[in-house]
Each structure stands twice: as C-alpha cells, then as structure tokens.
Amino acid sequence: MNEYTYITLRQKPELKEAAAVWFHDKWEVPQEAYLECIEAYLNDETEYGWYLCLDSGRIIGGLGVIENDFHDRKDLTPNVCALYIEKEYRCQGIAGKLLDIVVQDMKSKGITPIYLITDHTSFYERYGWEFLCMVQGDGEPDMTRMYIHR
C-alpha cells in the first residue's frame, strides 16, 4: 500500500498557490476565491482549514472547510467543501482519511458539528456522516443533500 502525506496548509504554506490552482482546476471556482480563503486560514483569521494529500509532493487530493458551501441554509456551518481525489488515486481510502482528519481537527478546536452538501448517496455514511436534510444550492434548480458529522 502506498504511503501518502496528509497535511494542512498551515504545515506547508508554500503550497498555497499550487493548492489554489489545483482546487480551481477541479471545481472551476475562481482561483482567487480559493486563495482568499486559504490566506484567511494561514493568517489565523479563521480555523476553517485546508487539507491536502500528497504523493511525493504532488497534490493528489484535498478539501477545505468554509463558512457556507453555496446553499440557502446559512445556519448550518461550517461546511466541508471541494473534496476531490485524482481519478488514478480513488478507491484507496484517501477521501475517508481526509474526512477523518478534518473532523478530528475541527473537533480539537471545539468546532462541531460540521456539514457538507453532495449529490452522492451512501459514500459519506461510511465515514460517520449522517444525512440531515435537503438544501437549495445557490443558483441550482434541484435540491442537494446536506450531511452532518456530530
């Protein structure tokens, strides 16, 4: 089994630009938006962090924690966002490990529960997440599934 390195961007702030580019390439959210959130985290303006999985220094997976992931339930915060694993690295437990790391990190800071929105069914349940309700995504015609981790 491969040994990957899991980090927060506070551990390797020199990766902030590469991380912003990587997340932008995956989700098409403006790179500047990612960089703004990452900078707030690096400058200790928020404890909502950014987490990466590296293979020999290459970003192969990541996720962030933000106030709201573009939905109408502004009271359900913070939200895990932008979870992505490179296709060739999927089905190796990387997403689950990243989710576990973020849950533990947030709990260690007294931040619980945390939320996420997704179209997936049954994936997040494997990692202790529970379906909470349906929410309306900003500018989306259909409702989206909201999960909670307590």
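Since the model is a prediction, treat every value here as computed from it, not as a measurement. (Residues numbered from 1 in each chain as written. Predicted model: local features only at pLDDT ≥ 70, side-chain atom pairs only at ≥ 80, totals over all residues. Heavy atoms only, no water.)

A. Here's a closer look at unusual backbone geometry. The linkage connecting T77 with the following residue, P78, adopts the cis geometry, with an omega of 0°. For P78, the location among the structural elements is in the loop between β3 (58-66) and β4 (79-85). The peptide bond linking T112 to P113 adopts the cis configuration, its omega dihedral lying at 0°. Even without glycine at this site, S56 takes up a positive phi of about 55°. Examined against the element boundaries, S56 turns out to sit in the loop between β2 (50-55) and β3. (Helix = DSSP H or I, 4+ residues; strand = E, 2+ residues; numbered from the N terminus.)

B. Focus on the packing of aromatic side chains. Using the criterion set out here, one finds 11 aromatic pairs in the structure. With a centroid separation of 5.1 Å and an interplanar angle of 65°, the aromatic rings of F23 and W50 are classed as edge-to-face. Taken as a pair, F23 in helix α1 (residues 16-27) and W50 in strand β2 lie far apart in primary sequence, 27 residues in all. The structure contains a cluster of three or more aromatic residues connected by ring pairs, namely W22, F23, W27, Y34, W50 and Y84. Here the guanidinium or amino end of R90 rests over the ring plane of Y84, the centre of that ring lying 5.1 Å away. The lysine or arginine in question, K97, covers the ring of Y6, its NZ or CZ lying 5.5 Å from the ring centre. (Phe/Tyr/Trp six-rings, centres within 6.5 Å; stacked < 30°, edge-to-face > 60°. Lys NZ or Arg CZ within 6 Å of the ring centre and 35° of its normal.)

C. The pattern of salt bridges, seen in detail. Overall, the coordinates contain 10 salt bridges when judged by the stated rule. As a salt-bridge pair, R10 and E47 come within 3.0 Å of each other at their nearest N and O atoms. Of the two residues, R10 sits in the loop between β1 (5-8) and α1 while E47 sits in the loop between α2 (31-42) and β2, which places them 37 residues apart along the sequence. Using a relative accessible area of 26% as the deciding quantity, one classes R10 as partly exposed. The salt bridge involving R58 is made with E88; its shortest N-O contact spans 3.1 Å. Separated by 30 residues along the polypeptide, R58 in strand β3 and E88 in the loop between β4 and α3 (94-108) bring together distant segments of the chain. (Salt bridge = Lys/Arg side-chain N within 4 Å of Asp/Glu carboxyl O. Buried < 20%, exposed > 50% of the residue type's maximum accessible area, 1.4 Å probe, protein only.)

D. Layout of the environment of T144. When you line up the elements, T144 lands in strand β7 (residues 143-149). Note: C-alpha distance between T144 and K26 (118 residues apart in sequence) is 19 Å. Residue contacts for T144: discarding those within four places in its chain leaves I117, T118, D119, C133, M134, V135 and G137. (Contact = heavy atoms within 4.5 Å.)

E. Looking closely at the state of the cysteines. Scanning the model with the defined rule gives zero disulfides in all. Note on C37: no disulfide assigned, nearest cysteine sulfur contributed by C81 at a separation of 7.1 Å. Assessed through its relative accessible area of 32%, C37 is described here as partly exposed. With no disulfide of its own, C133 lies 18 Å from the sulfur of C81, the closest cysteine sulfur. Exposure remark for C133: the relative accessible area of 18% places this residue in the buried category. (Disulfide = S-S within 2.5 Å.)

F. View of the nonpolar core. Residues V102 and W129 are the most contacted members of the largest nonpolar core, which totals 24 residues. Secondary-structure elements contributing two or more residues to this core are β2, β3, β4, α3 and β5 (114-118). At seven residues, α3 tops the list of elements feeding residues into this core. The residues contacting V102, other than those within four sequence positions of it, are Y51, L63, V65, V80 and I114. (Core = buried A, V, L, I, M, F, W, Y, C linked by side-chain atoms within 4.5 Å.)

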